[in-house]
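Spelled out from the first residue to the last, the chains are:
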Amino acid sequence: MRTTEQLTRIFGQEAADRVSTARLLVVGAGGIGCELLKDLSMSGFQHIEAVDLDTIDLSNLNRQFLFQRRHIKRPKAEVAIQAIRDFNPGIDAHARQANIKEPTFDVDWFAQFDLVLNALDNLDARRHVNAMCLAAHVPLIESGTAGYLGQVTVIGDGTECFECQPKAAERKTFPICTIRSTPSAPIHCIVWAKNYLFAQLFGERLDEDEDMAAEADADNMEELEQLREESRALANLADAMGSPEFARVVFDKVFSSDIARLLSMPDMWEHRQPPTQLHYDEMEATSSDASTSPATHTALSMADAFALFKHTAARLAQRLTSGDAGALAFDKDDDDALHFVAATASLRSYVFGIEQTSIFETKAMAGNIIPAIATTNAVVAGMMVTQAIMVVSGQLPRCHTAYVAYNSKRSRCVLSEPLAAPNPRCSVCRRRYLTLRVADLSRTTLGDVVDYLHMLAETENSLHLGEDISVVEGSRILYDLDFEDNMPKSLEELGLGRGKMITVAREDFEDDLPIAATIPVVLSIAGPQAADDSPDLDIEGFELIPEFAPLPPPVADETAPDADQLHFADDDVAVVVGDSDDEYAPLGHEENVDNISDELAKRKLCDFGARYESPVKRRAVATDDETTISD
């Protein structure tokens, strides 16, 4: 039976028709992304575009099943799209290896899609995609997994957005995945050192398959040759194990030749700082007095990190080659293993200009990395496709927020609840999003934009912000009544190009202002329309601005209600809460979901907590047997 016939029987003919014509954007082609792209291609969706910056690593192969060993070092998005073309030869699918935050992906680019599906692994990118979808008025499906926990929710008109519930500032758990080629945070370097370098050198290593002649063709010869070189390099590292040159061989491979390879790709560094290549002899000359027992609570200096790397590499190699132990497994309480990870992570941080961490901080982060579970990814991807079918067929009100919360005490592991209404005090989705079209960024000044906004105040398209306004980009003040230095500068000079967003807000507030006059306006900068007579400046999207209800009064009593005041829609409710960067899943330990502690509840609540009939903020964690309240 063909896919369209199955869709028609389950969802109806209209839904099947819309699925076949809908244009989808998938952001992320990793653990969830692979499963999602496979499911979408086999469910009738015919127009898919995937964006991912990452390349395939050996450690991905145990859970990202569209990839094989011959694909190592190739772009994830490219390989995943080729795989789904093999499943469905008639599909219109395209791949981009890029950062979704690049200026190319502006509001016009997002607006061409009927639906965006996030399969991301970092909070910053999620926030960016959330804002772009709000600006482009395109629905978004958010997803995430953390071990055995998972979540899917839909963000659209009349629902809460990604920012509606606060994300905990302090994190006690960290994702397993990292961007291999472009780390931007200490955790990325720590995961690289622990899950890649330590595992490849001292852990269980898979044999590299050199016999690829049957796979070779004109299109992939370059990729196959790069893989052969990588295989030889790994073999050389293994051959040097236990020799006096072992530390040098490892160092030259990961901090010199690998970095040189990254630097040979200038497009990757067009919008970010390039890494710095290190050289073993230079490092050795400057670290002769360095300590191999540095302070635990102080960030490692470059010299100390190098000395500690050499010392621990030799000790671990001796342990592995002595025959007393087989492959080594990382243990945060094993000083040799911990110090090796801390030293190599610190050196990698220096290479990429990232903030340093101490051995103590490294131990805390490396010991809390959550393993990725392929089955959880598959379940979450399946739920995303079901929600996608309903969204593109115009059935958004029927969508739900769904959770995967595996626990041996429960008879079911998938739970759902209705989509929540927007938080009336959300600083992101409560804003009004419009598109500012600029014909020439090099000629148009900030003063021209401010004058244009003042001119609009006399028309039917008034922003209702009054004469006294401020203009900001992120946390940068561009203009207000007391700061006019930027008025004569062009938008290009100010770094305000395509894809950037500026916020315009009222400066003077009066008691009798209409609610719309108090809500900031976000202008997404875009190029002109294709028409030759396009104006120098234009603002679009007024017809898409919804009516805003007045803000509710502040809650006078912030104390939590008694348990008997709560009314849950389901007697068997599990709510897991938190804020994982690992593909956005609410966190709690999977074995203790039913008995989540008060301390964890106080830290984690309000991300996706239980929804109950009470004016008090959502501060409840419900279990099968009892309800624990915290505020």
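Position numbers for residues count from 1 along each chain, tracking the sequence in the order it is written. In keeping with the predicted nature of the model, local features appear solely for residues at pLDDT of at least 70, side-chain atom pairs appear and are counted solely at 80 or more, and the whole-chain, interface and lining totals rest on all residues. The basis for every side-chain value is the complete set of heavy atoms in the structure, and neither hydrogens nor water enter the calculation.

## A look at the pattern of salt bridges
Within this document, salt bridges are pairs made up of a side-chain nitrogen of Lys or Arg and a carboxyl oxygen of Asp or Glu, the two lying within 4 Å of each other. Applying the stated criterion to the full structure yields 22 salt bridges. Put simply, aspartate 39 and lysine 38 hold a salt bridge, and the shortest N to O gap is 3.7 Å. Residue exposure (1.4 Å probe, protein chains only): buried if accessible area is under 20% of the type maximum, exposed if over 50%, otherwise partly exposed. Using a relative accessible area of 17% as the deciding quantity, one classes aspartate 39 as buried. The exposure class of lysine 38 is partly exposed, given its relative accessible area of 29%. The salt bridge partner of aspartate 54 is lysine 76, with a shortest N-O separation of 3.4 Å. Of this pair, aspartate 54 sits in the loop between strand S2 (47-51) and helix H4 (76-87) while lysine 76 sits in helix H4, and the two are 22 residues apart along the sequence. The pair aspartate 54 / lysine 76 is uniform in exposure class, with both members buried. By definition, any uninterrupted DSSP run of H or I lasting at least four residues is a helix, any uninterrupted run of E lasting at least two residues is a strand, and each is numbered from the N terminus.

## Some thoughts on the nonpolar core
Residues Phe202, Phe246, Phe251, Phe309 and Phe340 are the most contacted members of the largest nonpolar core, which totals 51 residues. Residue assignment for this core shows that the elements contributing at least two residues are helix H7 (186-202), helix H9 (246-263), helix H10 (280-286), helix H11 (302-321), helix H12 (335-352) and helix H13 (359-366). No other element matches the 11 residues that H7 contributes to this core. If sequence neighbours within four positions are ignored, phenylalanine 202 has contacts with Met241, Phe246, Ala313, Leu316, Ala317, Leu320, Ala327, Leu328 and Phe340. Among buried residues, those of type Ala, Val, Leu, Ile, Met, Phe, Trp, Tyr and Cys that are joined through side-chain atoms within 4.5 Å constitute a nonpolar core. By the convention used here, residues are in contact when the closest approach between their heavy atoms is within 4.5 Å.

## Remarks on the sheet that holds strand S3 (residues 92-96)
Here, a strand pair is defined by DSSP locating no fewer than two bridges between the strands. Read from one edge to the other, the open sheet built from 8 strands follows the order S3-S2-S1-S4-S5-S6-S9-S10, with strand pairing classed as mixed. Each of the sheet's edge strands pairs with one partner strand only, and the pair in question is S3 and strand S10 (414-418). Neighbour-to-neighbour, the strand axes of this sheet turn through a mean angle of 15°, independent of strand direction. In terms of strand pairing, strand S6 (residues 149-155) meets strand S9 (residues 400-405) through 4 bridges, oriented antiparallel. Residue pairing in the sheet places glycine 150 in a bridge with valine 404 of S9. The strands touched by helix H6 (residues 123-136) are strand S1 (23-27), strand S4 (115-118), strand S5 (140-146) and S6; relative to S5, the strand with the most contacts, the crossing angle is about 165°. Each axis is a line fitted through C-alpha atoms, taken for helices only over the stretch in contact, and angles between the N-to-C directions span 0 to 180 degrees.

## Considering unusual backbone geometry
With the exception of glycine, most residues fall at negative phi, and the peptide bonds are largely trans. Look at lysine 73: it is not a glycine, yet its phi comes out positive at around 85°. Mapped onto the secondary structure, lysine 73 falls in the loop between S2 and H4. Residue lysine 73 is classed as buried on the basis of its relative accessible area of 19%.

## So, the pairing of S2
In terms of burial, S2 is largely enclosed, as 4 of its 5 residues are buried. Examined bridge by bridge, S1 and S2 share 5 bridges and lie parallel to one another. Counterpart to arginine 23 in the pairing with S2 is histidine 47. Read from S1 through helix H3 (residues 31-41) to S2, the crossover connection turns out right-handed. Orient the strands so they point away from the viewer; a crossover is then right-handed if the path from the first strand over the helix to the second runs clockwise. For the segment spanning S2, H4 and S3, crossover handedness is right-handed.

## Things to note about the pairing of S1
Of all 5 residues making up S1, 4 are buried, and the element is well covered by its neighbours. Sheet topology places S1 next to S4; 4 bridges connect them, and they run parallel. Counterpart to leucine 24 in the pairing with S4 is leucine 115.

## Notes on a negative patch on the surface
A contiguous patch of negative charge, built from Asp482, Glu484, Asp485 and Glu507, is present on the exposed surface. With respect to the secondary-structure elements, aspartate 485 resides in the loop between strand S13 (476-479) and strand S14 (501-506). Aspartate 485 gets classed as exposed once you look at its relative accessible area, which sits at 55%. Within the patch definition used here, like charges are joined within 9 Å and nonpolar side chains (Val, Leu, Ile, Met, Phe, Trp, Tyr) within 5 Å, considering only residues with over 30% relative accessible area and no salt bridge. Only the protein chains shown count as cover for residues, and all accessible areas are computed by the Shrake-Rupley method using a 1.4 Å probe. Neither His nor the chain ends contribute to the count of charged residues, in which Lys and Arg are positive and Asp and Glu negative. For the purpose of locating charges, the reference atoms are NZ of Lys, CZ of Arg, CG of Asp and CD of Glu.

## Comments concerning the packing of H7 against H11
Contact pair H7 / H11: the axes reach a minimum separation of 10 Å and the direction vectors enclose 40°. Relative to H11, the element H7 lies oblique. Contacts from Phe198, Leu201 and Phe202 of H7 reach H11 at Ala313, Leu316, Ala317 and Leu320. Amino acid classes used here: Ala, Val, Leu, Ile, Met, Phe, Trp, Tyr, Cys and Pro are nonpolar; Asp, Glu, Lys and Arg are charged; the rest, including Gly, are polar. In terms of residue class, the contact of H7 with H11 is made up of 7 nonpolar, no polar and no charged. In what follows, roughly perpendicular refers to angles from 65 to 115 degrees, roughly parallel to angles under 35, roughly antiparallel to angles over 145, and oblique to any angle outside these ranges.

## Brief notes about helix H14 (residues 374-392)
Take the residue count of a helix, subtract one, and multiply by 1.5 Å to get its expected span. Taking 1.5 Å of rise per residue, the 19 residues of H14 would be expected to cover 27 Å, and the 27 Å separating its terminal C-alpha atoms lies within 8% of that figure. In terms of burial, H14 is a largely internal element, 14 of the 19 residues being buried. Count one or two residues on from H14 and you reach glycine 394, which has phi positive near 80°.

## So, H12
Side chains of residues three or four places apart in an α-helix project in the same direction, reflecting 3.6 residues per turn. Compared with the 26 Å implied by 1.5 Å per residue over 18 residues, the 25 Å span of H12 between its first and last C-alpha is a close match. Burial analysis of H12 places 15 of its 18 residues in the buried class, the great majority of the element. The N-terminus of H12 is capped by aspartate 334, whose side-chain oxygen sits 3.1 Å from the backbone nitrogen of aspartate 336. Looking one or two places after H12, you find glycine 353, whose phi comes out positive at around 65°. Pairs of N or O atoms within 3.5 Å make up the polar contacts considered here, provided that, within protein, one atom can donate a hydrogen while the other can accept it, and that residues adjacent in sequence are counted only when both atoms are side-chain atoms.

## Some details on the packing of aromatic side chains
Aromatic ring pairs are described here by two measures, namely the spacing of the ring centres and the angle between the planes. The criterion for an aromatic pair is that two Phe, Tyr or Trp rings (for Trp, the six-membered ring) have centres within 6.5 Å, with stacked assigned to planes under 30 degrees apart, edge-to-face to planes over 60 apart and tilted to the rest. In total, this model carries 17 aromatic pairs according to the counting rule given. Residues tryptophan 109 and phenylalanine 110 carry aromatic rings whose centres are separated by 5.4 Å and whose planes lie at 85° to one another, so their mutual orientation is edge-to-face. In terms of burial, tryptophan 109 and phenylalanine 110 fall into one category: buried. Relative to phenylalanine 340, the ring of phenylalanine 309 has its centre 6.1 Å away and its plane inclined at 35°; by these criteria the two rings are tilted. With phenylalanine 309 in helix H11 and phenylalanine 340 in helix H12, this pair connects stretches of sequence that are 31 residues apart. Taken individually, phenylalanine 309 and phenylalanine 340 each receive the classification buried, so the pair is uniform in this respect. For a ring to carry a charge above it, either NZ of a lysine or CZ of an arginine must fall within 6 Å of the ring centroid while also lying within 35 degrees of the normal to the ring plane. Above the plane of the ring of tryptophan 192 lies arginine 348, whose end atom (NZ or CZ) is 4.3 Å from the centre.

No statement about biological role is implied by the geometric values presented.
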